[in-house]
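Okay, here's what each chain looks like letter by letter:
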Amino acid sequence: MREVKILAIVVFFTAVTYWGVEPYAHSQMHPHVAPADFGFKEMEPLHVNGNADNGKLLVEANCIACHGIKSLGLEAPMSPEDAASSYGVVPPDLSHAGVIYDKNYLAGFLKDPVRATKLSHKFNDAKPYAMPSYGFFSDQEIADVVAYLQNIVATKPSDKGVFEEACGRCHSMKYDALKAQTPSASMKNYLGAEAPDLSMMIRSKKAEYLSTFINEPLKMVEGIAMPRVGLSEASQQQVIAYIEKVGDRKKAERESLGVKLIGFMAIFTLIAYLWKVSIWKRAA
Amino acid sequence: MAQIKKAEGFIDWLDQRLAVKAFMRVMMSEYWIPKNINFLWAMGVVLIALFAVLLVTGLLLLMYYKPDVALAFDSVNYTIMQEVEYGWLWRHMHGVAASATFLIIYIHLFTGIYYGSYKKGREMIWLTGMVLFVAFSAEAFSGYMLPWGQMSYWAAQVITNLFSGIPVIGDAVVIWIRGDYVVADATLTRFFMLHVVLLPLVILAVIAVHFYTLRFPHVNNQDSVELDFEAEAKTYKEGRVKESNVVPFWPVFLSKDFFVVGFFMTFFFFLVCYHFDFAMDPINFEPANSMKTPAHIYPEWYFLWNYEVLRGFFFDIGGIAAMDIGLIAFVFANTVFFLLPFLDRNTMHTAPAHKRPAFFVWFWLLVVDMIVLTIYGKLPPTGVNAWVGFFAAVLFLGLFIVLPIITKYEAKKGEKA
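Attention in this report is confined to the structure presented alongside it. No experiment lies behind these values; they were computed from the predicted model shown.

Of the regular secondary structure elements, chain B holds 16 helices and 2 strands. For 417 residues, the compact-globule formula gives about 22 Å, and the C-alpha radius of gyration of chain B, at 24 Å, lands near that figure. A principal-axis box enclosing the C-alpha atoms of chain B has dimensions of 70 × 65 × 45 Å. Counting across all 417 residues of chain B, residues that qualify as buried make up 53%. If you take every contact in chain B between residues at least 6 apart in sequence, the share linking residues at least 24 apart comes to 76%. Per element, the accessible surface of chain B, about 19,200 Å² overall, is 71% carbon and sulfur. When the 29 positive and 32 negative side-chain charges of chain B are each reduced to one mean point, those points stand 10 Å apart.

Following this line, the structure appears as structure tokens:
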């Protein structure tokens, strides 16, 4: 049983080395952070029930001057290029905002966008955020707007749809022929950094990291220009699913082929073992 | 000219022209290997299998790869990984096999040290093996640059910059290597040439020489006993196979190797399909960006012990800059393994480490120290980590300085006994 003992020694030292350079080193380089908070607890929750009819009036009077609502046939008033040069970034279409974003987040965002997005290191009185604050609305009015936005969502958006509305204003997805709505020169001017293409993000950052990062980028990278977008847990999962579909398209093939390759080699090994035993019995 | 007769069959036809039967005898059925070995003796064949995987997958990848900074990243991550049928498989196999090759090289190398297979007539085996180690290192480094991701770029930046430490001509050498003042398109294209042409040619040639160097001193065995191979072969050929201490390379030795290769490749395909991040760093899936330095720059795991010897010296000593001490230590670490047969002063005595008490301690200290260097080579070099790295680097240098002393002492004791 000398061979087994030697194998145990080899496996032990290999495992220690692996543990040191992979799980242990990564735990040291990327200290653990609290999991994503989808309750948006630091923002005051809505405690009044919204009235969608009144919300409709408020949205028509306040929002559609800048935002489109394509699902209702309302195109954005400006072309993306014009909007980007006027506001710095293309304003989002509101067709699915009511389901893509968390309800409490939406309310907090309307009241104080810079606080909700956690971009106070980028925007202030000298450099105002593109979306004005609706802090002068009463809680009831805020709730009405949110209720209306929820009300107009007829069909659940696709994974790609969520990505386009929530991420696609700044980020491109080259491997799915999706170009950011805001031109990259405007982006750089607006946030001080280019928004990276997200085609390979699933391989470079991994789903686990993304699930915390998207919810609160600042928690993971100090001083980053990316806003907290305020996705609900379900829509964030849709975004990650889409990023994975584009960046790791062959995952299913890889995982099903793996079993076959391992099985093939296991059978090869078994036959090789039997052959070895028979040869060594005769010839050694 | 040979007497050509009407051939009795295809093999005979070939044999009359190429002496294939004699060739097979010399290379295979009458190439004698000691019987008293364990699976560690199969590592050479495992390496050949991995090299074959690298060669074949490399050729397939070469059909779609584009060595141009504007195209490289997408040709790898989009064309190969997504568009080409099973392109992802060839890339994963190539990347994982590169890492696995180094794991097996280290096992192979430590096996050689443990059983004393580097001395007493086997020096050339050791030296050609070390040349292969260096050639594979250069091959791995140049290959790592090709996907043109963040780590490709920044590792190239850091490693090529090391040459600026050469006195007087350092800065000129860096520019000469890069083909530009910074790591750029010229650098990528020339490393592509090295990776796919020059270095593979060198590796193939040195593998052949490495095999050749084995023929005269013969393969060692696990008790490091000297065998009379001619007598043992005679016994074997007379049919007294149980009494003989040797077996032929084919089919007896290889039948065991096939089993070991199969065992290892089963694990290999698990890594290829389910556990590949250790060999394909996620950071390298971000396109190279000269304006954005990654938070942590580190080489692949198999270069970490080397890297830690370099950066372990983080403070100036006696007026010499930390960087210069590190570079000297780095050069020392990269050459000292070549000198191993000559640092072992007990030249005429070969035995496995467990029969050489002082050497046994030395061996395991070396293994543990290199693992410590490897792990701390990846950790951020701050606080206590920097000091662990420093002492591990000092221990590494110290081990090679004391080796001649302990082996000389061992030789003297051996003479008395």
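Back to the text.
At the interface, 54 residues of chain A touch 64 residues of chain B. Where chain A abuts chain B, roughly 5,400 Å² becomes buried across the two surfaces, and 69% of that area is made up of carbon and sulfur atoms. Counting the surface chain A buries against chain B, the share from its top three residues, Tyr-175, Arg-203 and Trp-280 of chain A, is 12%. Linking chain A to chain B there are 5 salt bridges. In this structure, the salt-bridge partner of Lys-174 of chain A is Asp-74 of chain B, at a minimum N-O distance of 2.8 Å. At the boundary of chain A and chain B, one finds 25 residue pairs in polar contact (both at pLDDT 80 or more). Mapped onto the side of chain A that touches chain B, the elements with two or more residues apiece are α1 (2–29), α10 (201–204), α13 (233–247) and α14 (251–283) of chain A. When its residues are assigned to classes, the side of chain A that touches chain B shows 28 nonpolar, 10 polar and 16 charged.

Residues and elements named next belong to chain B. Tallying each qualifying case throughout the model produces 25 salt bridges over all chains. Of the charged contacts, one joins Lys-119 and Asp-344 as a salt bridge, the two residues approaching to 3.0 Å between their closest N and O atoms. Placement of the pair is Lys-119 in the loop between α5 (87–114) and α6 (123–145) and Asp-344 in the loop between α14 (340–343) and α15 (357–378), with a sequence separation of 225 residues. Take Lys-119: its relative accessible area is 1%, and that puts it in the buried class.

A separate point is a nonpolar patch on the surface. All names here are of chain B. A surface patch of nonpolar side chains, amounting to about 410 Å² of accessible area, comprises Met-193, Val-197, Leu-198, Leu-201 and Val-202. Checked against the element boundaries, Leu-198 lands in helix α9 (residues 185–215). Accessibility expressed as a relative area gives 40% for Leu-198, which makes it partly exposed.

All right, on to the nonpolar core then. Generally speaking, a soluble globular protein has its nonpolar side chains buried in company with each other. Residue and element names in this part refer to chain B. With 198 residues, the main nonpolar core has Ile-113, Phe-268, Phe-337, Trp-362, Leu-366 and Phe-396 as its most contacted residues. Counting residues per element, this core draws most heavily on α5, which supplies 15 residues. Apart from residues lying up to four places away in sequence, Phe-268 is in contact with Leu-50, Val-53, Met-93, Val-96, Ala-97 and Ala-100. With 5 residues, the next largest nonpolar core counts Leu-162, Tyr-307, Leu-310 and Phe-330 among its residues.

Further remarks concern unusual backbone geometry. In the segment running from Trp-250 of chain B into Pro-251 of chain B, the intervening peptide bond is cis, with an omega of 0°. Relative to the assigned elements, Pro-251 of chain B resides in helix α11 (residues 249–274). Backbone geometry places Phe-40 of chain A, a non-glycine residue, at a positive phi of 45°. Within the secondary structure, Phe-40 of chain A sits in the loop between α1 and α2 (52–62).

Looking now at a positive patch on the surface. All names here are of chain B. Judged by side-chain charge, Arg-345, Lys-408, Lys-412 and Lys-416 come together as a positively charged surface patch. Within the fold, Lys-416 resides in helix α16 (residues 383–416). We classify Lys-416 as exposed; its relative accessible area is 76%.

Before going further, it helps to spend a moment on the packing of aromatic side chains. If you walk through the whole model with that rule in mind, you get 63 aromatic pairs over all chains. Aromatic rings pair up to connect Phe-12 and Phe-13 of chain A together with Trp-41, Phe-110, Tyr-114, Tyr-115, Phe-360, Phe-363 and Trp-364 of chain B into one cluster. Stacked on the ring of Tyr-31 of chain B, the Lys or Arg Arg-215 of chain B has its end atom at 4.1 Å from the ring centre. Taking NZ or CZ as reference, Arg-356 of chain B lies 3.9 Å from the ring centre of Phe-359 of chain B, over its face.

About the criteria used
- Residues numbered from 1 in each chain as written.
- Chains lettered and ligands numbered in written order.
- Predicted model: local features only at pLDDT ≥ 70, side-chain atom pairs only at ≥ 80, totals over all residues.
- Heavy atoms only, no water.
- Helix = DSSP H or I, 4+ residues; strand = E, 2+ residues; numbered from the N terminus.
- Rg over C-alpha atoms; globule rule 2.2 N^0.38 Å.
- Buried < 20%, exposed > 50% of the residue type's maximum accessible area, 1.4 Å probe, protein only.
- Contact = heavy atoms within 4.5 Å.
- Areas by Shrake-Rupley, 256 points an atom, 1.4 Å probe, with all protein chains shown as cover.
- Lys, Arg positive; Asp, Glu negative; His and termini not counted.
- Charge placed at Lys NZ, Arg CZ, Asp CG, Glu CD.
- Buried area = accessible area lost by both parts, 1.4 Å probe.
- Salt bridge = Lys/Arg side-chain N within 4 Å of Asp/Glu carboxyl O.
- Polar contact = N/O pair within 3.5 Å; in protein donor to acceptor, adjacent residues only side chain to side chain.
- Nonpolar A, V, L, I, M, F, W, Y, C, P; charged D, E, K, R; others polar.
- Patch = residues over 30% accessible without salt bridge, like charges linked within 9 Å, V, L, I, M, F, W, Y side chains within 5 Å.
- Core = buried A, V, L, I, M, F, W, Y, C linked by side-chain atoms within 4.5 Å.
- Phe/Tyr/Trp six-rings, centres within 6.5 Å; stacked < 30°, edge-to-face > 60°.
- Lys NZ or Arg CZ within 6 Å of the ring centre and 35° of its normal.

Treat this as a map of the structure, not an account of what it does.
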